[in-house]
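Below, each chain spelled out in residue letters.
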Amino acid sequence: MKVPFVDLKEQQEEIKVEINRAIQNVIDSTQYIKGNFVSEFEKNFASKLNIPYCIGVGNGTDAIYIALKMLGVGFNDEVITTANTFIATAEAITMTGAKPVFVDCELSTFNIDPNKIENKISDRTKAIIPVHLYGLPANMGAIMKIARNHGLYVIEDSSQAHLAEVFVEGAGWKKAGTVGDFGTFSFYPGKNLGAFGDAGVIITNNESLAIKARMFADHGRLSKYNHDFEGINSRMDGIQGAILNIKLNYLEKWTAARRTIAAKYNDAFKSIPQLSIPNYPEMHHVYHLYVVRTEKRNELQKYLTQNEISTGIHYPIALPNLPAYAHLGYSREDFPVASMLESQVLSLPMFPELKEIQLDYVIEKIREFYNKKS
Ligand SMILES: *Cc1c(COP(=O)(O)O)cnc(C)c1O
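Quick summary incoming for the structure in this document. (Residues numbered from 1 in each chain as written. Predicted model: local features only at pLDDT ≥ 70, side-chain atom pairs only at ≥ 80, totals over all residues. Heavy atoms only, no water.)

1. Things to note about the nonpolar core
Generally speaking, nonpolar side chains in soluble globular proteins are found buried as a group. How we decide: Each nonpolar core is a collection of buried residues, namely Ala, Val, Leu, Ile, Met, Phe, Trp, Tyr and Cys, held together in the definition by side-chain atoms within 4.5 Å. Burial status follows relative accessibility: with a 1.4 Å probe on protein chains alone, a residue under 20% of its type maximum counts as buried, one over 50% as exposed, and anything between as partly exposed. Each helix is a run of H or I in the DSSP string that is no shorter than four residues. Each strand is a run of E no shorter than two, and both are numbered from the N terminus.
Tyr-265, Phe-269, Leu-275, Tyr-290, Leu-300, Leu-348 and Ile-366 are the most contacted members of the largest nonpolar core, which has 26 residues in total. Of all the secondary-structure elements, those providing two or more residues to this core are α9 (251-269), β13 (290-293), α10 (297-306), β14 (345-348) and α12 (356-369). Broken down by element, this core gets its largest block of residues, 6 residues, from α12. Ile-55, Tyr-65, Ile-93 and Ile-129 belong to the second largest nonpolar core, which has 25 residues in total.

Right under this line is the structure:
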């Protein structure tokens, strides 16, 4: 049986009629860039997350870049982030002229290790960017405490964590992205909430930063030729806004489907000691990815491939170990956990439309690999 790692086709079929109508509406109105469809989506997404301000931008990388610029981050500054993330997080830091400073991740959650942050804080540090990797929120309580003690800003890269929740002492359960100074999201097609192209948003509780971010993302203006300062061009398209508006209505349902699949995986793998599943106290995972850890990763992946099951590796090379960051002069020993994960993590098929028989088949093959009777 063929099991894809992710399949966007089925979801599109499910909402095809609504989507086609929405796209036609945008074309009929000619609101191709920004406009009502985008502002409607901004309003709806903000209300889902229970936050006052949401700004549509071109993509999730720009969202981080713009948030950093709004906080005044630039040349000679340092920004702390996790060694285990997609390169976009660090690229956005470099784009401002600042230097990314990597911190190792935790073995249990794969997220930035709060205990290793303070060592990396210098006179130049301006901000921390935790990433809610794979859909599991980072430990925001601990991170906010460190940030407050050292006068640092916090931007939550929530590109993989739409609707995830994190428990913060004193504040209760909060949506990922709403705890720090800014939250940023990507709607790259494969994300939990995906557009039909590139799109992203920035969210914040701060009105003046929200106004400035909206201007910066649109050539430094609020009205057509009135430019208060120089900005960039990073705007959401009307068609993406209209599509996201429709898909947002399904996001809870799709997230619940991801959780059901994850629960089944978790249950099936409990009895396989050689296979670790993520452990996450007091956090609500949204399973953008379902990542297991095993010393036999390459063998397991090969076995699954032979059985027509597609898997992924997120990520095969930790950021500090990439040629792109060789100039920072790190060694693998500086990031023992992230470096070890390179050869141990495996992402299993995970998307809301994954069928029960496909899921059962994946589980059966994994149990078979470890010589377990199902
Ligand atoms: C997808 C992603 C981004 C960037 O998103 P784009 O929309 O592709 O620019 C940033 N950070 C993380 C962790 C991501 O997964």
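The discussion continues.
2. Examining the layout of surface pockets
Over the atoms rolls a probe the size of a water molecule, and its path tells where empty space is left. Basically, it comes down to this: The way it works is a 1 Å grid over only the protein atoms, where trapped points that fit a 1.4 Å probe form a cavity and open points with protein on both sides within 12 Å along at least five of seven lines form a pocket, and then any residue with an atom within 4 Å of a point lines it. Grid points are joined across faces, edges and corners, and a volume is the space filled by probe spheres set on the points.
Estimated volume of the largest pocket: approximately 540 Å³. Phe-86, Gln-160, Tyr-188, Lys-191 and His-288 are, among the 28 residues lining the largest pocket, the residues nearest its centre. Elements supplying a minimum of two residues to the lining of the largest pocket: α4 (60-70) and α5 (88-95). Looking at which element gives the most residues to the lining of the largest pocket, the answer is α4, with 3 residues.

3. Brief notes about the site of the ligand
Applied cut-off: Residues are counted as near a molecule or strand when any one of their heavy atoms sits within 4 Å of it. Any pair of N or O atoms that falls within 3.5 Å is considered a polar contact. Within protein, one atom must be able to donate a hydrogen and the other to accept it, and sequence-neighbouring residues count only if both atoms are side-chain atoms. Calculation of accessible area relied on Shrake-Rupley with a 1.4 Å probe; when residues are assessed, cover is drawn exclusively from the protein chains displayed. Throughout, a molecule is located in a cavity or pocket provided that more than half of its atoms lie within 2 Å of its grid points. For this classification, Asp, Glu, Lys and Arg are treated as charged, while Ala, Val, Leu, Ile, Met, Phe, Trp, Tyr, Cys and Pro are nonpolar and the rest, including Gly, are polar.
Neighbouring residues of the ligand: 13 residues in total, closest Gly-60, Thr-61, Asp-157, Ser-186 and Lys-191. A distance of 2.5 Å separates an oxygen atom of the ligand from a polar side-chain atom of Thr-61. Within the side chain of Asp-157, one N or O atom sits 2.7 Å away from a nitrogen atom of the ligand. The fraction of the free accessible surface of the ligand (380 Å²) that becomes covered by protein chains is 92%. Taken atom by atom, the bulk of the ligand overlaps the largest pocket. When residues of the shell around the ligand are traced back to their parent elements, those giving at least two are α4 and α5. Across the shell around the ligand, the residue classes break down as 3 nonpolar, 8 polar and 2 charged.

4. Considering α10
Since the α-helix turns once every 3.6 residues, residues separated by three or four places project in the same direction. In plain terms, the rule: Note: the arc covers the axis-to-C-beta directions of the helix. Two residues qualify as a contact provided that any one of their heavy atoms is within 4.5 Å of a heavy atom in the partner residue.
Taken together, the buried positions of α10 are Arg-297, Leu-300, Gln-301 and Leu-304. Buried residues in α10, looked at end-on, bunch into an arc of 100 degrees, giving them a common side. Of the residues in α10, the exposed ones pointing more than 90 degrees away from the buried face are Lys-302 and Gln-306. Packing partners of the buried residues in α10 comprise β14 and α12. Note on α10: the residue one or two positions beyond its end, Glu-308, has a positive phi of about 65 degrees.

5. So, the sheet that holds strand β12 (residues 283-284)
Backbone hydrogen bonds hold the strands of a sheet together, and the pairing may be parallel or antiparallel. Cut-off, in case you're wondering: Only strands that DSSP links by at least two bridges are regarded as paired with each other.
With respect to topology, 3 strands assemble into an open sheet ordered β7-β6-β12, the strand pairing being antiparallel. For this open sheet the edge positions go to β7 (172-175) and β12, each flanked by a neighbour on one side alone. Taken together, the 2 bridges between strand β6 (residues 165-168) and β12 define a ladder with antiparallel strand orientation. Bridging from a neighbouring strand, Val-166 pairs with Met-283 of β12.

6. Quick word on the pairing of β7
As judged from the 4 bridges shared by β6 and β7, these two strands associate in the antiparallel manner. By the bridge assignment for β7, Val-168 is matched with Gly-172. Between β6 and β7, which pair antiparallel in sequence order, lie 3 residues; one of them, Gly-170, sits at a positive phi of approximately 90 degrees.

7. What about the pattern of salt bridges?
For clarity, the threshold we go by: Note on definitions: salt bridges are taken to be side-chain nitrogens of Lys or Arg within 4 Å of carboxyl oxygens of Asp or Glu.
Using the criterion set out here, one finds 18 salt bridges in the structure. With a shortest N-O distance of 3.6 Å, Glu-10 and Lys-355 are connected by a salt bridge. Placement of Glu-10 in helix α1 (residues 9-14) and of Lys-355 in the loop between β14 and α12 is noted, with a sequence separation of 345 residues between them. For Glu-10, a relative accessible area of 33% translates into the label partly exposed. Note on Lys-355: relative accessible area 40%, which makes it partly exposed.

8. Side note on the packing of aromatic side chains
Test applied: Centre distance within 6.5 Å is the pairing criterion for rings of Phe, Tyr and Trp, where only the six-membered ring of Trp is used; planes under 30 degrees apart are then read as stacked, over 60 as edge-to-face, and the remainder as tilted.
Under the criterion given, the structure shown has 18 aromatic pairs. Pairing Tyr-250 with Trp-254 gives two aromatic rings, centres 5.3 Å apart and planes at 20 degrees, and the pair type is stacked. Plain terms: the ring middles of Tyr-265 and Tyr-290 are 4.7 Å apart, the flat faces sit at 35 degrees to each other, and that makes the pair tilted. With Tyr-265 in helix α9 and Tyr-290 in strand β13, this pair connects stretches of sequence that are 25 residues apart. Within the aromatic cluster, the residues linked to one another by ring pairs are Phe-41, Phe-45, Phe-185 and Phe-187.

9. Concerning unusual backbone geometry
Cis peptide bonds are those with omega within 30 degrees of zero, and the linkage from His-314 to Tyr-315 qualifies with 10 degrees. Within the element layout of this structure, Tyr-315 appears in the loop between α10 and α11 (336-341). Of note in the backbone geometry, His-219 takes a positive phi value of approximately 60 degrees without being a glycine.

10. Let's talk about empty space enclosed by the protein
Across all of its chains, the model carries 4 cavities of 30 Å³ or more by this definition. In this structure, the largest cavity is lined by Val-6, Asp-7, Leu-8, Gln-11, Pro-189, Gly-190, Lys-191, Asn-192, Arg-258, Phe-351, Pro-352 and Glu-353. Partitioning the lining of the largest cavity into residue classes produces 5 nonpolar, 3 polar and 4 charged. Approximately 50 Å³ is the volume attributed to the second largest cavity. What lines the second largest cavity is Lys-34, Val-38, Glu-42, Ile-55, Gly-56, Arg-214, Ala-217, Asp-218, Ser-234 and Arg-235.

Remember, this is a structural readout, not a statement about activity or role.
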